[in-house]
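Secondary and tertiary structure notes
Each chain, written out:
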Amino acid sequence: MCGLAGLARIDGSALSAETDTLLHQMARAVAHRGPDELELLRSGPVGLAFTRLSLVDPIAGGQPLWSEDEQVVLIANGEVYNHRELAAGLPAGTRFRSGSDCEVLVHLYQRDGLRFLDNVRGMFAIVLWDRARDLLVFARDRFGVKPLFYHRNRDRVVFGSEMKALFQDADCPRELDWSGALADQALNGAPYFADGQPNTWFQGVELVPAGTVMTISLRDGHTKSHRYWAYPDFTENTDMSEGEFVSAYGELFAASVRETEVADVDLGLFLSGGIDSVAVAALSTVRPRTFTAINGSTIANGDAEYGHRAAQMLGLDNHQVVFDVAEVPTSKQWKQLLWLVETPQCSPEIYYKRELYRYVKATFPGIKGMLLGGGSDEFNGGYTVSMAGGGSWDDFQSNLRHMSLRDHRPSQKGFVAWWEQSNHPLLQDDVLYRASAASVGDPYEQFFRWKYRDMQQYNCWHEDRTAAGSGIEARVPFLDHRLIELVAQIPRALRPDLVWNKNILRKAMRGVLPSEFAERPKVPFFYGDGVRHTQRAFVRMLTRNGDALLEEALSSPGAQAYIHADNARATLRALEADPGSGHVEFLLRVVNLGLLEQMATCPPGAPVDAREAAVPLRMPISDWDEDRARIDAQVLRRESVSSTAVLTIADNVLLLVAPQDPQMCYVAVDGTIEYVVDGSETPEWHRLLTSVDGARTLGALLGEVGCAAATVHELLGEALDLGVLTVAGELPDGAARPVLVPAAAG
């Protein structure tokens with residue numbers, strides 16, 4: 001991984017010597033991406049800045065890279081995985097000046113011209129200067145794993161791996177696009193399929209499209225572009241059987257893992273315990289150190305436990321990196337993170353990922369690359385079960401059709417209006433679907449195209465930045481275009497067997513992984529069970545120092561024009577009273593927009609370094625079951641509740657059970673129903689909660705309802721955290737507290 005920056009005149013004139021100062025400033029802005037080396041070049045109309053993180057040929061692999069006749073010069077960020085294969089296909093006598101994997105691109109360009117990337121596999125952003133043709137060439141990999149932004153006016157173009165490099169140029173606009181951001185599905189979460197190019201969030205700043213080669217004439221600024229790869233059409237391959245698809249997927253995936261682990265330095269792996277990262281770990285030949293986030297959410301959803309068990313099973317070193325529930329970023333830390341990632345989608349997930357990288361950098365500075373399991377959910381069907389709403393494949397398809405009807409294109413609005421008028425649409429679904437089919441196409445295909453955009457907008461964006469902030473390169477084996485092209489060919493008849501719940505990967509991993517890992521259901525990184533811990537932490541961040549972060553964001557000009565400040569404050573108050581009352585991320589997105597607007601106006605001097613913040617600590621775990629009490633005490637700040645503890649309902653809490661439906665228990669706090677306990681889903685917990693009387697010990701209650709302490713451990717802890725239950729005292733096992741009965745009247 002490296003940092004790219006530079007500028008070029010597009011009016012036929014040369015850069016002046018004063019440009020060197022700007023080049024230095026741009027290089028410093030992306031220095032975190034390449035802490036090993038800095039090179040600047042200014043010649044004629046072009047100035048290039050390159051900061052290097054050396055993973056391949058650390059000694060002689062520096063850039064810029066030149067052709068032998070010095071007519072082609074190139075800087076590149078990323079890795080060309082099949083560079084040896086490509087080099088072997090070059091004409092005899094081709095001379096390489098370094099061992100850099102990216103040097104092959106220079107020779108491919110000289111041989112193939114603008115088709116030079118057709119057979120390249122890897123992740124990369126490229127700036128190439130063809131001096132003979134006065135041509136500047138930009139290009140990116142097929143999935144946009146590596147970023148490249150640019151801004152141009154009539155006289156020149158400025159470019160860089162991150163927008164903060166462009167903002168060093170006084171002529172580059174720094175105006176946040178509030179209307180475009182708030183209308184973007186990636187921010188507002190509207191239930192329709194978004195397509196098209198990712199949003200840069202800033203007016204006048206553009207992102208070189210993924211899978212595209214773009215050229216700019218340095219004589220007159222004329223620009224052209226062509227896609228050397230496009231997301232595949234879903235053309236069914238009926239010649240392959242289910243077994244052949246599974247076998248082909250397994251072989252391609254194993255090959256991709258081997259390619260992404262090529263490096264001359266140490267690699268690590270983020271291990272969540274889900275099938276994606278465990279599959280990468282199982283197929284890796286470099287036996288990387290593994291790292292797992294252990295917080296309230298990953299304890300509750302099982303990721304921390306399964307990460308530990310997977311590493312034990314594979315014989316890999318596993319570091320459980322601790323984020324206890326009291327861990328709250330300061331306002332300064334949040335703004336530093338936000339400026340690093342440059343996106344209003346900055347979220348708790350991104351915070352935890354960044355902190356994992358900080359731990360790795362501080363503990364193992366020799367690790368410069370990190371293997372990830374990202375991309376599998378998006379393209380193997382990881383969201384099919386949740387999109388089905390707990391139903392079947394048919395429900396998944398039905399919900400996709402309904403989402404496709406929400407398409408916001410003008411050609412849709414006439415028919416869609418009928419669908420949205422009431423809860424009982426007057427037109428048949430088939431009529432609506434036929435009306436939308438011409439512009440929307442197959443909802444199944446549209447869903448995966450949406451995920452292609454979503455992957456670029458969120459996943460690739462933040463994975464690149466959180467790694468880059470610590471001088472580490474993120475590598476993603478699942479983002480191999482051969483895998484996606486294969487899955488796109490699965491015929492309709494086989495989709496329920498192979499695309500549902502990532503079955504193509506699960507079946508490919510049979511014989512490689514035990515079933516407890518190959519068949520483990522997908523769980524979110526911090527959503528789902530345990531999300532309350534994350535919600536509570538980030539609500540505390542927003543409420544610190546009199547809501548300082550929220551108020552700072554609301555003071556920005558754009559926020560004053562677009563955001564209802566009182567409602568934003570009321571939302572925070574509601575989240576403070578009950579962190580489960582909504583998603584703190586939506587409020588954070590509004591806050592992020594306001595903060596980004598202000599930071600872009602006056603860019604921070606040290607944009608990404610948070611050295612004053614303590615690095616997270618590791619929790620050594622030998623046996624998860626034996627260490628569970630210690631884990632809870634350290635991470636959840638929760639002491640084990642003794643079997644001799646007497647539980648009581650808090651004074652301001654009332655349990656309401658409807659006689660007509662005794663399975664439903666409603667928990668009212670201060671006169672308002674805040675929680676619902678469904679006895680059909682959690683029968684043991686329902687029986688325990690409704691048996692609490694302030695007289696019997698926990699041990700006695702468990703004996704009465706007939707369940708083990710481990711069964712209700714998590715929910716009991718939550719009830720104590722939320723103040724629904726309190727511990728009234730301790731009694732010896734088997735003892736009972738006297739129950740005071742009011743005296744009879746008279």
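Our subject is the structure listed above.
Let me sum up the structure you'll find in this document.

Let's shift gears to the pairing of strand β21 (residues 672-678). Within a regular beta strand, the side chains point alternately toward one face of the sheet and then the other, so they alternate between its two faces. Bridge count between strand β20 (residues 661-669) and β21: six bridges; the pairing is antiparallel. Bridge pairing in β21 places V667 opposite Y675. Turn length for the β20-β21 hairpin, with the two strands adjacent in sequence and antiparallel, is two residues, and the turn residue D670 shows positive phi of about 55°.

Here we come to a nonpolar patch on the surface. A cluster of nonpolar side chains, L654, L656, I673 and V676, forms an exposed patch at the surface whose accessible area comes to about 350 Å². Looking at the nonpolar patch, the elements that each hand over two or more residues are β19 (653-658) and β21. Mapped onto the fold, L656 is located in strand β19. The exposure class of L656 is partly exposed, given its relative accessible area of 34%.

Our focus in this paragraph is the pattern of salt bridges. Counted by the stated rule, this structure contains 50 salt bridges. Across the salt bridge formed by D377 and K502, the nearest N and O atoms sit 2.7 Å from each other. Separated by 125 residues along the polypeptide, D377 in helix α13 (residues 376-380) and K502 in the loop between α20 (495-498) and α21 (503-508) bring together distant segments of the chain. Residue class for D377 comes out buried when judged on its relative accessible area of 13%. Note that D566 is salt-bridged to R569, the shortest N-O span being 3.0 Å. In this pair, D566 and R569 are both assigned in helix α25 (residues 565-577), three residues apart and thus about one turn of the helix distant.

Moving on to the packing of aromatic side chains. Inspection of every chain in the model, using the stated rule, returns 38 aromatic pairs. Taking the centre distance of 6.3 Å and the plane angle of 70° together, the rings of F193 and F447 count as edge-to-face. Note that F193 is positioned in the loop between α6 (185-188) and β10 (206-207) and F447 in helix α18 (residues 443-468), a separation of 254 residues in sequence. Just as F193 is buried, F447 falls in that class too. Ring geometry for W229 versus Y231: centroids 6.4 Å apart, planes at 80°, classification edge-to-face. Each member of the pair, W229 as well as Y231, carries the same accessibility label: buried. Seen from the ring of W450, K451 lies directly overhead, with NZ or CZ sitting 4.3 Å from the centre. In this arrangement the basic side chain of R589 is found over the ring face of F586, its NZ or CZ atom lying 4.6 Å from the centre.

With that settled, the discussion passes to the sheet that holds strand β6 (residues 122-130). The strand order across the open sheet built from six strands is β4-β5-β6-β7-β11-β12, with neighbouring strands paired in antiparallel fashion. In this open sheet, the two strands that pair with only one neighbour each are β4 (65-66) and β12 (223-227). Two strands pair when backbone bridges link them, and strand β11 (residues 212-217) and β12 are joined in this way by five bridges, in the antiparallel orientation. Directly across from T212, in β12, lies its bridge partner R227. Set on the sheet, helix α3 (residues 103-112) makes contact with β4, β5 (72-80), β6 and β7 (135-140); between it and β5 the angle comes to about 125°.

To continue, consider the pairing of strand β8 (residues 149-152). Taken together, the four bridges between β8 and strand β9 (residues 156-160) define a ladder with antiparallel strand orientation. Residue pairing in the sheet places R152 in a bridge with V157 of β9. Sheet topology places β8 next to β10; two bridges connect them, and they run antiparallel. The residue bridging F149 from the neighbouring strand is L207, located in β10.

This next bit is on the environment of R154. Within the secondary structure, R154 sits in the loop between β8 and β9. Along the sequence, R154 and R9 sit 145 residues apart, while their C-alpha atoms lie 9.1 Å from each other.

With that settled, consider unusual backbone geometry. Positive phi, normally seen in glycine, also occurs at W201, with a value near 75°. Following the sequence through the fold, W201 ends up in the loop between α6 and β10. Notably, D547 is not glycine yet its phi reads approximately 60°, a positive angle. Position of D547 among the secondary structure elements: in helix α23 (residues 531-554).

Right, let's talk about the side chain of R140 for a bit. Position of R140 among the secondary structure elements: in strand β7. At 5.8 Å, D141 is the nearest oppositely charged side chain to R140, a buried residue that forms no salt bridge. Here the side chain of R140 touches K146 through a polar contact of 2.8 Å, landing on its backbone oxygen. Within polar-contact distance, the side chain of R140 engages the backbone oxygen of V208 at 2.5 Å.

One finds L105, L117, I126, Y249, F253 and W334 to be the most contacted residues of the largest nonpolar core, which totals 165 residues. Counting residues per element, this core draws most heavily on α18, which supplies ten residues. Each residue touching L117, except ones within four places of it in the same chain, is listed here: L105, F124, I126, A139, R142, V213 and Y228. Grouped together as the second largest cluster of nonpolar side chains are 23 residues, A8, V46, V127 and W129 included.

Within the open sheet, the five strands sit side by side as β15-β14-β13-β16-β17. Their pairing is parallel. Each of the sheet's edge strands pairs with one partner strand only, and the pair in question is β15 (318-322) and β17 (473-475). For this sheet, the mean inter-axis angle between neighbouring strands, taken without regard to orientation, is 30°.

So, about the packing of helix α11 (residues 331-341) against helix α26 (residues 584-601). The geometry of α11 relative to α26 is characterised by a closest axis approach of 10 Å and an angle of 75° between their N-to-C directions. One finds that α11 runs roughly perpendicular with respect to α26. Contacts between α11 and α26 involve W334, K335, L338 and W339 from the former and L588, N592, L595, L596, M599 and A600 from the latter. Split into classes, the residues belonging to the contact of α11 with α26 amount to eight nonpolar, one polar and one charged.

Basis of the calculations
Residues numbered from 1 in each chain as written. Predicted model: local features only at pLDDT ≥ 70, side-chain atom pairs only at ≥ 80, totals over all residues. Heavy atoms only, no water. Pairing = 2+ DSSP bridges. Helix = DSSP H or I, 4+ residues; strand = E, 2+ residues; numbered from the N terminus. Patch = residues over 30% accessible without salt bridge, like charges linked within 9 Å, V, L, I, M, F, W, Y side chains within 5 Å. Areas by Shrake-Rupley, 256 points an atom, 1.4 Å probe, with all protein chains shown as cover. Salt bridge = Lys/Arg side-chain N within 4 Å of Asp/Glu carboxyl O. Buried < 20%, exposed > 50% of the residue type's maximum accessible area, 1.4 Å probe, protein only. Phe/Tyr/Trp six-rings, centres within 6.5 Å; stacked < 30°, edge-to-face > 60°. Lys NZ or Arg CZ within 6 Å of the ring centre and 35° of its normal. Contact = heavy atoms within 4.5 Å. Axes fitted to C-alpha atoms, helices over the stretch in contact; angles between N-to-C directions. Lys, Arg positive; Asp, Glu negative; His and termini not counted. Polar contact = N/O pair within 3.5 Å; in protein donor to acceptor, adjacent residues only side chain to side chain. Core = buried A, V, L, I, M, F, W, Y, C linked by side-chain atoms within 4.5 Å. Parallel < 35°, antiparallel > 145°, perpendicular 65-115°, else oblique. Nonpolar A, V, L, I, M, F, W, Y, C, P; charged D, E, K, R; others polar.

Interpretation in functional terms is not warranted from these geometric data alone.
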